[in-house]
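# Secondary and tertiary structure notes
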Amino acid sequence: MEAEKIFARLANSLDNEQERLKVLEQFGTSAPEQLSELIFIHLDLHVAEKNHDKAEELVKIAEEFSRFYREPFFIYQLFKKKAKFAEERGDIEKTFSLYEELITLAKDMHREDIEAEVLMEMGIVFEKQGAIDEALEKFLTASEIYKRLGHNYNYAASLFNIAYIYYDRGDLDSSLSYCLQALEVDEGEQFQTLEAHVNLELANIYETRKEALLSKLYYQKALEGYQKGKDRVKVSDILYKLGALLHQEKRIPHSLHHYQNALHMKMDIDYTQALAKYYYYRACVFKDCGAHNKAIKYFDKALYLYSQLGQEKQCLRVKFQIYSIFGKTDDRIFFLPEFVRSYKTPPFKDVLVDKAVRGIYTRRKSDGKKLPFFKEKEGNGSTLIDRRSLSSLLRDMSRAHYAEGNSKKYKHYSQQFKVVKDFRAGQD
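What counts as what
Residues numbered from 1 in each chain as written. Predicted model: local features only at pLDDT ≥ 70, side-chain atom pairs only at ≥ 80, totals over all residues. Heavy atoms only, no water. Helix = DSSP H or I, 4+ residues; strand = E, 2+ residues; numbered from the N terminus. Contact = heavy atoms within 4.5 Å. Areas by Shrake-Rupley, 256 points an atom, 1.4 Å probe, with all protein chains shown as cover. Phe/Tyr/Trp six-rings, centres within 6.5 Å; stacked < 30°, edge-to-face > 60°. Buried < 20%, exposed > 50% of the residue type's maximum accessible area, 1.4 Å probe, protein only. Salt bridge = Lys/Arg side-chain N within 4 Å of Asp/Glu carboxyl O. Axes fitted to C-alpha atoms, helices over the stretch in contact; angles between N-to-C directions. Parallel < 35°, antiparallel > 145°, perpendicular 65-115°, else oblique. Nonpolar A, V, L, I, M, F, W, Y, C, P; charged D, E, K, R; others polar. Expected span 1.5 Å × (residues − 1). Polar contact = N/O pair within 3.5 Å; in protein donor to acceptor, adjacent residues only side chain to side chain. pLDDT = per-residue confidence, 0-100.

Once that is clear, we can look at the overall build of the chain. Scanning the chain from terminus to terminus reveals 20 helices and zero strands. Pairs at least 24 apart in sequence give 64% of the contacts found in the chain among residues at least 6 apart. When the accessible area of the chain is evaluated, it comes to approximately 21900 Å², of which 48% is carbon and sulfur surface.

Here the distance between the centres and the angle between the planes together describe a pair of aromatic rings. In total, this model carries 20 aromatic pairs according to the counting rule given. Between phenylalanine 286 and tyrosine 298, the ring centres sit 5.7 Å apart and the planes meet at 10°, which makes this aromatic pair stacked. Highlighted residues: phenylalanine 286 in helix H14 (residues 252-288) and tyrosine 298 in helix H15 (residues 292-309), separated in sequence by twelve residues. We classify phenylalanine 286 as buried; its relative accessible area is 17%. The class of tyrosine 298 is buried, set by a relative accessible area of 12%.

Another aspect to go through is the pattern of salt bridges. Counted by the stated rule, this structure contains 23 salt bridges. When the shortest N-O distance is used, the salt bridge between arginine 209 and aspartate 173 registers 2.3 Å. Separated by 36 residues along the polypeptide, arginine 209 in the loop between helix H11 (192-208) and helix H12 (212-228) and aspartate 173 in helix H10 (residues 172-184) bring together distant segments of the chain. When its relative accessible area of 54% is taken as the criterion, aspartate 173 is described as exposed. Aspartate 237 serves as the salt-bridge partner of lysine 266, at 2.6 Å between the closest nitrogen and oxygen. Placement of the pair is lysine 266 in helix H14 and aspartate 237 in helix H13 (residues 232-248), with a sequence separation of 29 residues. The structure contains a network of salt bridges with shared partners spanning Glu37, Glu338 and Arg341.

As a further point, take the packing of helix H3 (residues 32-48) against helix H5 (residues 72-88). Two measures define how a pair of helices packs: the angle their axes make with one another and the distance between the axes. Here H3 crosses H5 at 10°, and the two axes come no closer than 12 Å. Accordingly, the angle class assigned to the pair H3 and H5 is roughly parallel. Between H3, through Ser36, Phe40, Leu43, Asp44 and Val47, and H5, the contact on the second element is made entirely by Phe74, Gln77, Leu78, Lys81, Phe85 and Glu88. By residue class, the composition of the contact of H3 with H5 is six nonpolar, two polar and three charged.

Along an α-helix, residues three or four apart share an orientation, since each turn contains 3.6 residues. With 17 residues, H12 extends 24 Å from end C-alpha to end C-alpha; this agrees with the ideal 24 Å at 1.5 Å per step. Among the structural elements, H11 and H13 are those in contact with the buried residues of H12. Taken from the residues just after H12, lysine 230 is the one with a positive phi, measuring 55°.

This brings us to the environment of arginine 9. Mapped onto the fold, arginine 9 is located in helix H1 (residues 3-11). Residues arginine 9 and glutamate 19 lie ten residues apart in sequence; the distance between their C-alpha atoms is 9.0 Å.

Next up on the list: the side chain of glutamate 64. Inspection of the secondary structure assignment puts glutamate 64 in helix H4 (residues 52-65). Discounting chain neighbours no more than four positions away, the residues touching glutamate 64 are Glu17, Arg20, Leu21 and Leu24.

Right, let's get into the environment of serine 342. Relative to the helices and strands, serine 342 resides in helix H17 (residues 336-342). Overall, the relative accessible area of 40% leaves serine 342 in the partly exposed class. In terms of polar contacts, serine 342 uses its side chain to reach the backbone carbonyl oxygen of glutamate 338, at 2.7 Å.

A word on helix H8 (residues 132-149). Taking 1.5 Å per residue, 18 residues should reach 26 Å; H8 reaches 26 Å between its end C-alpha atoms and fits that length. Within the sequence span of H8, burial applies to Ile132, Ala135, Leu136, Lys138, Phe139, Ala142, Ser143, Ile145 and Tyr146. Looking at the buried side of H8, the elements it contacts are helix H6 (92-108), helix H7 (112-128) and helix H9 (152-169). Backbone geometry just downstream of H8 places glycine 150 in the positive-phi region, at approximately 80°.

So, on to the confidence of the model for the chain. Averaged over every residue, the pLDDT of the chain is 84; residues scoring 70 or more account for 86%. Across the chain, the element-wise mean pLDDT spans from 60 in helix H18 (residues 351-357) up to 95 in H8. Within the model, pLDDT remains below 50 along residues 361-382, and this stretch shows 57 contacts once partners closer than five positions in the same chain are excluded.

Our focus in this paragraph is the environment of histidine 151. For histidine 151, the position within the fold is in the loop between H8 and H9. Sequence separation between histidine 151 and aspartate 113 is 38 residues, and the spatial gap between their C-alpha atoms is 8.6 Å.

Most peptide bonds take the trans configuration, and most residues that are not glycine carry a negative phi. Phi is positive for histidine 110, close to 55°, though the residue is something other than glycine. By secondary structure assignment, the location of histidine 110 is in the loop between H6 and H7. Unusually for a residue other than glycine, lysine 210 sits at a positive phi of about 65°. Residue placement: lysine 210 occurs in the loop between H11 and H12. On the basis of relative accessibility, which here comes to 74%, the residue lysine 210 falls in the exposed class.

Structure follows, in structure tokens:
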């Protein structure tokens, strides 16, 4: 029996544990890898959609499957996904409990790399909870393992996280020391984005120390790194920061130049997000009406924009919608995980899409496993622009124009500031 048919029988027996176990016992090991992929990708979909009840049911199916399929990598993935899901629901105690179990499993498997990865994940959760001492302990232990294993990139990432924790504690000397250690780890081009993060942290340290020249130097280094990596969100943030520093120095024309560039980028990104969302919901309407060709056309546009923005959860949602259409309209058999991995959008000749793409933020893609930095929180996957930053930028632009004596532009940006501020207040 094919994995899809097994999964369908399991999904149709959600209220009958005995039936599920019977199916798993009879057929579960006939295509175990494919079945595990199906379970996990549907789990990811429901977590992305915040369908927690459905996600919980899939966790139960995965746990039942683990009675018959004890492949170590599957068990590792199961624990990790359960921990992520527990965190998504706000059950932090269970999250840590699962991570502790996963560390024990990693030791049993003699996989120090997995142990270090879990320690990093635990440190990230501790930091989010404000438990910075506990976070520091996890990051320090992980860094020792990565150094011993010679995993240079992840070693540097752990040093960066340690530096940020020390900065958060107000220990600027220790933070500076770990930043400089991270910069000593040279991994060539793949180190580029991490190096930009470290330079940005150094800029923050020197700014806190009131060392303006060094602060601007490292902001500029970070800016160049993010520009090479095409990280327009970070570029716009740093341009705003440099504009603010120049504003403080009363260098108003130079300040306004940086402010304007930052604003243009943020508006481009916001426009791209809004357009992708519009295409997605337009496609859903066509799908519901049975106009499948039109639906795929708009889903493709949404997918293209979301992929360029680096919003992986949104991409997964769109691909599943396209897959569900193909399942009804195409005689070929598609395996969902393979479809999600391989589906690519066609080239577009669309003025709106082209305008959006010319100013988009593209997240760096890397080869192989790379650990996340805890400062890069994905959020709900629906927005990239921080409207607090946007409203502050508009406020500072209005003040700069006021200082320059340009009352017309002062009023213009003051009004925009008020609109964004009021909109933000309505969302909070």
